[in-house]
Amino acid sequence: MTVTDVNVDEILAPFPDKVKKNRKKHIVKKDESASSCPQIEANTRTVPGIITQRGCCYAGCKGVVVGPIKDMVTITHGPIGCAYYSWGTRRNKARADDRTPPEQIYSAMCFSTDMQESDIVFGGEKKLAKMIDEIVEIFHPRAINVCATCPIGLIGDDLGAVSKAAEERHGIPVIHYNCEGYKGVSQSAGHHIANNQIMDRIIGKGTEKVDGKYVLNFLGEYNIGGDAWEIERLLEEIGYTVGSTLTGDSAYANIKNMHQAHLNLVQCHRSINYIAEMMETKYGIPWLKVNFIGIDATINTLREIAQCFGDDDLTARTELVIERELAAVTPELERYRKICTGKTAFVFVGGSRSHHYQYLLRNLGMEVLVAGYEFAHRDDYEGREVIPTIKGDADSKNIPELHVEPDPEMYEPPHLHLNMPKERYDELVASGILNEYRGMYPDMVNGGIMIDDANHFETEELVEVFKPDLIFTGIKDKYVTHKMGLPSKQMHSYDYSGPYTCFKGAVTFAKDVAHSLSTPAWKMITPPWEQKETEQR
Ligand code: CFM
Ligand code: HCA
């Protein structure tokens, strides 16, 4: 398709020179004739005063990664606002299972020390210790998380010491996270802090055997709208056992045994790659980047996982499930596709979804003109890491045994799939079966814009130039675009819809998008640039 030629300098013109210079580095135009992706500035500090969509380090640690662990009580040590805003908004869906009864699910509750002025002046350690005692007495959780907010670092409360003393008093793990909101430049710092503690304090501590011929962990899947449940349904039907997700609908009781899996799947690379890497180094568990958003992406992902094990039965069952699911969804999907085809969209989400949803939108015949992340790093944009870092024992015909001990020799040389000779690997890459998940830039339309940490002003300007039919946003930019007469879909909470994963999820997504596109309300709003000068005053 032909894309409007946008002049980035014109868009940034109203900014002061210093800001202009800064923001220009965060905006890249796709140019198919160029040999490589132009360098995009990412993971740097937002210009003060600009209305960013980003969250903070505490949001990334507590709100995103550790909050959903259902059988742990997660305490926000700080003022109540931080606890409140990281609680209900992300929907932490969880259900009971054979390891976790309903009375041991705490992820829907909100726990906070509710620091008051006197606590800030005289210190909040005693209040925190008392709260932990009360929680143990009332709820008897298996383990507790304690997350710091900004003032905690500023007043110097020692979370480590309070947590250690509480552990000794109660004999359960009390894990602390020094994730003060001001650390780093975005949520991303919080992911890292959470990953380090989960790796250090939980994974590998369990001794219960995980049964299953093919045990997978599912990293970077947060079960928004029930996404993880739909994926698990398919994986289990094919014959895999899901040891644990990280962290949607996950439990301390399962996470501690994650070191026994044969393969780690990584859906949101941005928030969890640290654990995938550390588990590979420490336990020799290979990992594979996957994408269950979009029909093609799901099919490729299921085939790739099967390829990793090289088991004919598994491959056959994978094909059967694909065939059955496709047959079930195709007629309905086609109906919505007719409404969606030819429409254009912008996608701005946190650190991985924007790219994942490019696949699903393409399945619906829609083109993404502008895409961006709030806090991704350069590799997420550029797709540099194109080879799934599956490493395995080149000579062995067997997948690694359960309870493998770190064995540095076993996992060299790199780039070999489990049970897969190098030639077979090259063949799969050449045929396009492996290596599908590249990165945002390679999947952009020529002339499209890739933008990092977009702000309200730039969003409005880009909407005016490209006039997309739909915009996928977060809560902060959703209503700004509504006022411009543009339908938007909240892609963090799915506007309380979902699941959007796999085959059935694609239909639900298509239905929601088709509804947004066809509602007559949007035609009744006159966007600002079509209003007369006098009306605007
Ligand atoms: Fe990963 Fe996420 Fe995302 Fe993310 Fe988030 Fe989220 Fe997101 Mo909101 S972990 S990077 S920090 S996929 S909470 S489930 S929707 S910004 S794109
Ligand atoms: C967060 C959580 C968030 C916020 C969503 C939004 C989520 O980063 O603190 O700003 O719209 O998904 O709930 O990303």
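Residue numbers run consecutively from 1 along every chain, following the written order of its sequence. Written order determines the labels here, with chains lettered from A and ligands numbered from 1. Local features in this predicted model are restricted to residues whose pLDDT is 70 or higher, and side-chain atom pairs enter the listing and the counts only when it is 80 or higher, whereas totals over whole chains, interfaces and linings include all residues. Only hydrogens and water are removed before side-chain values are computed, so all heavy atoms of the structure are retained for them.

The next thing to look at is the site of ligand 1. Any residue with a heavy atom positioned within 4 Å of a molecule or strand is treated as near that molecule or strand. Taken together, 14 residues form the shell around ligand 1, and within it R90, H191, C268, G350 and H492 come nearest. Throughout, the protein atoms alone are placed on a 1 Å grid, and a set of points is a cavity if a 1.4 Å probe fits but cannot get out or a pocket if it is open with protein on both sides within 12 Å along at least five of seven lines; lining residues have an atom within 4 Å of a point. Throughout, a molecule is located in a cavity or pocket provided that more than half of its atoms lie within 2 Å of its grid points. Of all the cavities here, the one that holds ligand 1 is the largest pocket. Taken together, the residues of the shell around ligand 1 sort by class into 6 nonpolar, 6 polar and 2 charged. Note on residue categories: nonpolar means Ala, Val, Leu, Ile, Met, Phe, Trp, Tyr, Cys or Pro, charged means Asp, Glu, Lys or Arg, and polar means any other residue, Gly included.

Let us look at empty space enclosed by the protein. Grid points are joined across faces, edges and corners, and a volume is the space filled by probe spheres set on the points. In this structure the tally under the stated criterion is 6 cavities of 30 Å³ or more. Here the second largest cavity defines a volume of roughly 80 Å³. What lines the second largest cavity is K62, G67, I69, M72, T74, S86, W87, N92, Y106, S107, M109 and F111. Considered class by class, the residues forming the lining of the second largest cavity number 6 nonpolar, 5 polar and 1 charged.

The subject of this paragraph is the sheet that holds strand β14 (residues 488-490). Two strands pair under a simple rule: DSSP has to find at least two bridges between them. Comment: elements are numbered from the N terminus, with helices defined as DSSP H or I runs of at least four residues and strands as E runs of at least two. Judged by pairing direction, the sheet is mixed, and its 6 strands sit side by side in the order β1-β12-β11-β10-β13-β14 without closing on themselves. In the strand order of this sheet, the two ends are held by β1 (27-29) and β14, each with one partner. With direction set aside, neighbouring strand axes in the sheet form an average angle of 15 degrees. The sheet contact formed by strand β13 (residues 470-473) and β14 spans 3 bridges and is parallel. If you follow F472 over to β14, its bridge partner there is K489. Packed onto the sheet, helix α15 (residues 353-363) meets β10 (344-349), β11 (367-373) and β13 and runs at close to 165 degrees relative to β11. Here, residues are in contact when the closest pair of their heavy atoms is within 4.5 Å. Only the stretch in contact is used when a helix axis is fitted, and all axes are lines through C-alpha atoms; the angle between N-to-C directions ranges over 0 to 180 degrees. Running over the sheet, helix α19 (residues 475-482) touches β10, β13 and β14 and is turned about 165 degrees from β14.

A word on the site of ligand 2. Taken together, A59, R90, Q187, G474, I475, K476, Q490 and H492 are the residues near ligand 2. Between an oxygen atom of ligand 2 and a side-chain N or O atom of Q187, the distance comes to 2.8 Å. In the model, an oxygen atom of ligand 2 is placed 3.0 Å from a nitrogen or oxygen of the K476 side chain. To measure how exposed things are, a 1.4 Å probe is used in the Shrake-Rupley method; for residues, cover is taken only from the protein chains shown. When ligand 2 sits alone it has 360 Å² of accessible area, and the protein chains cover 81% of it. In a pocket analysis with a 2 Å cut-off to the grid points, ligand 2 is assigned to the largest pocket. Tallied by class, residues from the shell around ligand 2 come to 2 nonpolar, 4 polar and 2 charged. Counted as a polar contact is a pair of N or O atoms within 3.5 Å, where, for protein atoms, one must be capable of donating a hydrogen and the other of accepting one, and residues adjacent in sequence contribute only when both atoms are in side chains.

What follows concerns the packing of helix α3 (residues 57-66) against helix α9 (residues 187-201). For the pair α3 and α9, the least separation of the axes is 6 Å and the interaxial angle reads 50 degrees. As summarised for this structure, α3 and α9 are arranged oblique, according to the angle between their axes. At the point where α3 passes α9, the crossing takes the right-handed sense. Between α3 and α9, the contacting residues are C57, A59, G60, C61, V64, V65 and V66 on the first element and Q187, A189, G190, H191, I193, A194, N195 and I198 on the second. Roughly parallel means an angle under 35 degrees; roughly antiparallel means over 145; roughly perpendicular covers 65 to 115; every other angle is labelled oblique. For any pair of crossing helices, the crossing counts as left-handed if the nearer helix is rotated counterclockwise from the farther one by less than a right angle, and right-handed if it is rotated clockwise.

Turning next to the environment of A83. Note that A83 resides in helix α4 (residues 80-85). For every residue, the accessible area (1.4 Å probe, protein chains only) is compared with the maximum for its type, and the residue is labelled buried under 20%, exposed over 50%, or partly exposed between those bounds. By relative accessible area, A83 is classed as buried at 0%. A83 sits 28 residues away from F111 along the chain, and the two C-alpha atoms are 7.1 Å apart. Setting aside residues up to four positions removed in sequence, A83 forms contacts with Y58, K62, T76, C110 and S112.

Turning our eyes to something else, we now look at the confidence of the model for the protein chain. Residue-level confidence of the predictor, termed pLDDT, takes values from 0 up to 100. For the protein chain, per-residue confidence averages 88 on the pLDDT scale, and residues scoring 70 or more make up 89% of the total. Scored below 50 in pLDDT, residues 385-422 shows 74 contacts in the model against residues more than four places distant or in partner chains. Below a pLDDT of 50 lies the segment residues 432-436, which in the model reaches 16 contacts outside its immediate sequence neighbourhood of four places, other chains included. Predicted complex metrics record ipTM = 0.98 and pTM = 0.90.

Side chains L263 and L265 of strand β8 (residues 263-266) all project onto a buried face; the interleaved residues N264 and V266 project onto the opposite face, where all are buried too. As defined by bridge partners, strand β6 (residues 215-221) adjoins β8 across 4 bridges and the pair is classed as parallel. Across the sheet, the residue bridging to L216 is L263, located in β8. Here β8 runs beside strand β9 (residues 287-289); their pairing, made up of 3 bridges, is parallel. Bridge pairing links N264 to W287 in β9. In this region the chain leaves β8, passes through helix α12 (residues 269-283) and returns to the parallel neighbour β9; the handedness of that crossover is right-handed. Think of it like this: strands point away, you trace from the first strand over the helix to the second, and a clockwise trace means the crossover is right-handed.

Now for the sheet that holds β8. Across a sheet, strands are paired by hydrogen bonds formed along the backbone, either parallel or antiparallel in direction. Taken in spatial order, the 4 strands make up an open sheet running β7-β6-β8-β9, and their pairing is parallel. Of all the strands in the sheet, the pair left with one neighbour each is β7 (241-247) and β9. When the angles between neighbouring strand axes are averaged without regard to direction, this sheet yields 20 degrees. Strands in contact with α12 are β6, β7, β8 and β9; relative to β6, the strand with the most contacts, it is inclined by about 145 degrees.

Bringing helix α8 (residues 159-170) into the picture now. With 12 residues, α8 should cover 16 Å at 1.5 Å per step; its first-to-last C-alpha distance of 16 Å lies within 8% of that length. Taken together, the buried positions of α8 are L159, G160, V162, S163, A166 and E167. Buried residues along α8 cover an arc of 165 degrees about the axis, so they all sit on one side. The exposed residues of α8 that point more than 90 degrees off its buried face are K164 and E168. Lining the buried residues of α8 we find β2 (72-77), α6 (125-139), β4 (143-148), α7 (150-155), β5 (174-177) and α9. Positive backbone phi, at 70 degrees, marks G171, one or two positions downstream of α8. Residue count minus one, scaled by 1.5 Å, sets the expected span of a helix. An arc is given here, and it is the one of the directions from the helix axis to the C-beta atoms.

Quick look at the side chain of S271 now. Residue position: S271 is located in helix α12. Once you skip the residues sitting within four places of it in the chain, S271 turns out to touch H191, N195, G220 and Y222.

A few words now on the packing of aromatic side chains. Stacked, tilted and edge-to-face are the three classes applied to pairs of Phe, Tyr and Trp rings, where Trp contributes its six-membered ring and a pair requires centres within 6.5 Å; stacked means planes under 30 degrees apart, edge-to-face means over 60, and tilted covers the rest. Inspection of the entire model under this criterion finds 17 aromatic pairs. For the ring pair Y494 and Y500, a centre distance of 4.2 Å and an interplane angle of 35 degrees mean the geometry is tilted. Given the relative accessible area of 0%, Y494 is considered buried. When the centroid spacing of 5.0 Å and the interplanar angle of 85 degrees are considered together, the rings of Y500 and F509 count as edge-to-face. Each member of the pair, Y500 as well as F509, is classed as buried. Pairwise contacts between aromatic rings join Y357, F472, Y494, Y500 and F509 into one cluster.

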